[in-house]
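Reading the structure
Residues per chain are reported as follows:
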Amino acid sequence: MTDQKPLSRNETLKAGSDFLRGTLPEALEQQAFGGLTEDEGQLVKFHGMYVQDDRDLRPERAKRKLDRAYSFMARLRIPAGILTPRQYLAMDQLADTYANHTLRLTTRQTIQFHGVIKANLRASLRAIDAALLDSIAACGDVNRNVMATSNPFLSRAHTEAAEAARTLSAHFLPRTGAWREIFIEDEPVTPPQPEAEPIYGATYLPRKFKMTVAVPPSNDVDVFAHDLSFVAIIESDRIIGYTIIAGGGMGATHGEPETYPRVGSIIGYCPAAQLLEAAQAVLTVQRDFGDRSNRKHARLKYTIDTHGLDWFIAAVNERLQTPLEPARPFTFTDNHDSFGWAQDSDGLHHLTLFIENGRILDAGTMKLKSALAAIARLPDFIDQGSIIFTPNQNAIIARITPAQRQLIETILADHGITQNFSPLRSTAMACVGLPTCGLALAESERYLPSLITKLEDLLTQHGLASEKITTRMTGCPNGCARPYIAEIGLVGRNPGRYNLHLGGAPDGARLNFIHRENATEPEILETLAPLFARFAAERTSTESFGDYCTRTLL
Ligand code: SRM
Ligand code: SF4
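None of the values given here were measured: they were computed from a predicted structure.

Points about the state of the cysteines
Tallied over the entire structure, the rule returns zero disulfides. Between C139, a cysteine without a disulfide, and C480, which holds the nearest cysteine sulfur, the sulfur-to-sulfur distance is 11 Å.

Observations regarding the sheet that holds strand β11 (residues 340-343)
Working definition: the strands of a sheet are paired by backbone hydrogen bonds and lie parallel or antiparallel to each other. Taken together, five strands build an open sheet; the order of strands is β3-β16-β17-β12-β11 and the sheet is antiparallel. Here the strands that pair on one side only, and so sit at the sheet edges, are β3 (82-83) and β11. In terms of strand pairing, strand β12 (residues 349-353) meets strand β17 (residues 395-400) through five bridges, oriented antiparallel. Bridge pairing in β17 places L351 opposite I397.

A few points about the packing of helix α5 (residues 85-98) against helix α6 (residues 121-130)
Between α5 and α6, the shortest axis-to-axis distance is 10 Å and the interhelical angle comes to 170 degrees. Between α5 and α6, the angle is such that the two are roughly antiparallel. Contacts between α5 and α6 involve M91, L94 and Y98 from the first element and A123, S124, A127 and I128 from the second. Its residues assigned to classes, the contact of α5 with α6 shows six nonpolar, one polar and no charged.

As for the packing of aromatic side chains
Throughout the structure, instances matching the rule amount to 13 aromatic pairs. Their ring planes at 80 degrees and their centres at 5.5 Å tell us that F33 and Y70 sit as a pair that is edge-to-face. Highlighted residues: F33 in the loop between α2 (24-29) and α3 (38-46) and Y70 in strand β2 (residues 70-75), separated in sequence by 37 residues. Looking at F33, the relative accessible area reads 31%, which means it is partly exposed. Here Y200 and Y204 contribute two aromatic rings whose centre-to-centre distance is 5.6 Å and whose plane-to-plane angle is 35 degrees, an arrangement assigned as tilted.

Describing the site of ligand 1
Taken together, 32 residues lie near ligand 1, and T106, M250, T436, C480 and R482 sit nearest. Q52 is positioned with one of its side-chain polar atoms (N or O) 2.8 Å from an oxygen atom of ligand 1. In this structure, M250 approaches ligand 1 through a main-chain N or O atom, which is 2.7 Å from an oxygen atom. At the level of elements, β1 (49-53), β2 and β5 (111-116) are the ones that each hand at least two residues to the shell around ligand 1. Grouping the amino acids of the shell around ligand 1 by side-chain chemistry returns eleven nonpolar, 13 polar and eight charged.

Regarding the pairing of β5
With five of six residues buried, β5 is to be regarded as a mostly interior element. In the sheet, β2 pairs with β5 via three bridges, with the strands oriented antiparallel. Paired with F72 across the two strands is V116, which belongs to β5. With two bridges connecting them, strand β4 (residues 103-105) and β5 associate as antiparallel partners. Counterpart to L105 in the pairing with β5 is I111.

Describing the environment of T552
With respect to the helices and strands, T552 occurs in helix α18 (residues 545-553). Note on T552: relative accessible area 26%, which makes it partly exposed. Sequence spacing of T552 and G364 is 188 residues, and the spatial spacing of their C-alpha atoms is 44 Å.

About the thresholds
- Residues numbered from 1 in each chain as written.
- Chains lettered and ligands numbered in written order.
- Predicted model: local features only at pLDDT ≥ 70, side-chain atom pairs only at ≥ 80, totals over all residues.
- Heavy atoms only, no water.
- Disulfide = S-S within 2.5 Å.
- Pairing = 2+ DSSP bridges.
- Helix = DSSP H or I, 4+ residues; strand = E, 2+ residues; numbered from the N terminus.
- Axes fitted to C-alpha atoms, helices over the stretch in contact; angles between N-to-C directions.
- Parallel < 35°, antiparallel > 145°, perpendicular 65-115°, else oblique.
- Contact = heavy atoms within 4.5 Å.
- Nonpolar A, V, L, I, M, F, W, Y, C, P; charged D, E, K, R; others polar.
- Phe/Tyr/Trp six-rings, centres within 6.5 Å; stacked < 30°, edge-to-face > 60°.
- Buried < 20%, exposed > 50% of the residue type's maximum accessible area, 1.4 Å probe, protein only.
- Near = heavy atom within 4 Å.
- Polar contact = N/O pair within 3.5 Å; in protein donor to acceptor, adjacent residues only side chain to side chain.

Rendered as structure tokens:
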């Protein structure tokens, strides 16, 4: 390590935690307090959980001098986002038995449960384990859920990309037995030998680390937003290797310019067989040189900017048997999902469903949760189908026989599920935000749908109703819905106020810029209305809104 500054508190905590155990076992026994101590809260993240409280209830509870209404968020590790229908049904059941009756699809192809009380934590984790799933490393200073371009059944290259995501996820999984010992087994599991973390060491990584695998021309995983991305280079429908992108990241803090979003840099190419070696070289350079004193400066993007890209590439190459080759070209068309029906070469059908902000629930006449469970239970589908989560918070019902296609449409219709969403709405994403996210400064998931309705009206007025304009909202600058590469990005600043960012590229390759700060809804609409009018009148024939804004406003 080159850094001489004092280590951050989390580093000491990790080092002294006995491979992520700390006092968690005792804390789970203490039911009188529904939360955890600060240190336990940091450690439980490595096991896929966060202590949260219902922020809607905070003022009233504070007035009554009551503790916060604590509960846990639990996040699964699902590389490439693929579940069997039986696994999906087990998770659907978990949501009802132990959580808040919803499943929340995330921007990293997995599921979160909200509202799990401490007394139900172990039972929830056991239900996850019984479904042959886990939540290991879904959060914490480790390699997080690995994404891959959705739907492995669309081509052989897609299958290989999903395999690559699984391989990466398994290779970089922490080796500690703490998760199983604390949450699953009744008895402590005595490891056969002293535990070790051969890749991470006892202090794991300086900060979270995120990987993706993309199959062009789709950039649904948003390769430029993550620490490390592999873009498949394909010949005859096989992945022969990957162009590697490193140092992307979205997180920032308002008013702290030394924190910033960054799009990843292309660092070279490796043959397919070198995938793990290349990933390990990048991850261990970050392990050894990342900032362990300031967590706001600890992601790989800052390591690269501190030492320089040439230094970084040389440091990666030093750890490889054969250095990276020059990057090979690739082209992305967009970073959206393709909705509706598709068919694979085996004649099986696949339905990509839009799920607004990833929230699967039964609400009024729209019973999405019940509909998906009914589909998952269908004979044949339950044995040979798949349910796949996309990086855009949507779901694919995959491997449907021709005979069942009509049946599935009927189930959806009977549950009030229509798919007539505007292009604007179906490509929009909001992070969770209030009431569960402890960092939210403004509404996000609960607010974006109504703002989209107003933006739809504006677009219709200007003859732009069929325009796909990537719109993403977050309740704070951490960037969980990747807003800084959207064509319209709205980043929460204060209650009811957002920074309006414009100018992302439709393929997600470019950062947008702040156009208006701290804007209220009327201010957002009054800013966008004339811009939409000018875009409709002045755009070149195929110009996207993001490209237009970059051309005319910068
Ligand atoms: Fe995130 C923290 C939700 C994807 C950047 N994120 C959080 C926490 C855990 C809040 C906290 O630390 O207390 C949020 C929990 C909210 C809740 O109530 O559930 C949260 N992040 C989410 C999810 C659920 C948003 C969503 O609506 O889908 C996504 C879960 C992904 C997953 O399955 O693993 C989610 N978060 C992202 C992404 C996008 C991505 O990974 O593709 C980013 C930007 C990419 C990046 O990492 O740079 C992202 N989340 C952050 C950050 C800023 C990190 C940084 O480098 O500064 C934080 C805050 C932190 O880590 O200190 C954060
Ligand atoms: Fe919470 Fe901010 Fe992430 Fe939204 S962007 S989920 S408000 S941390």
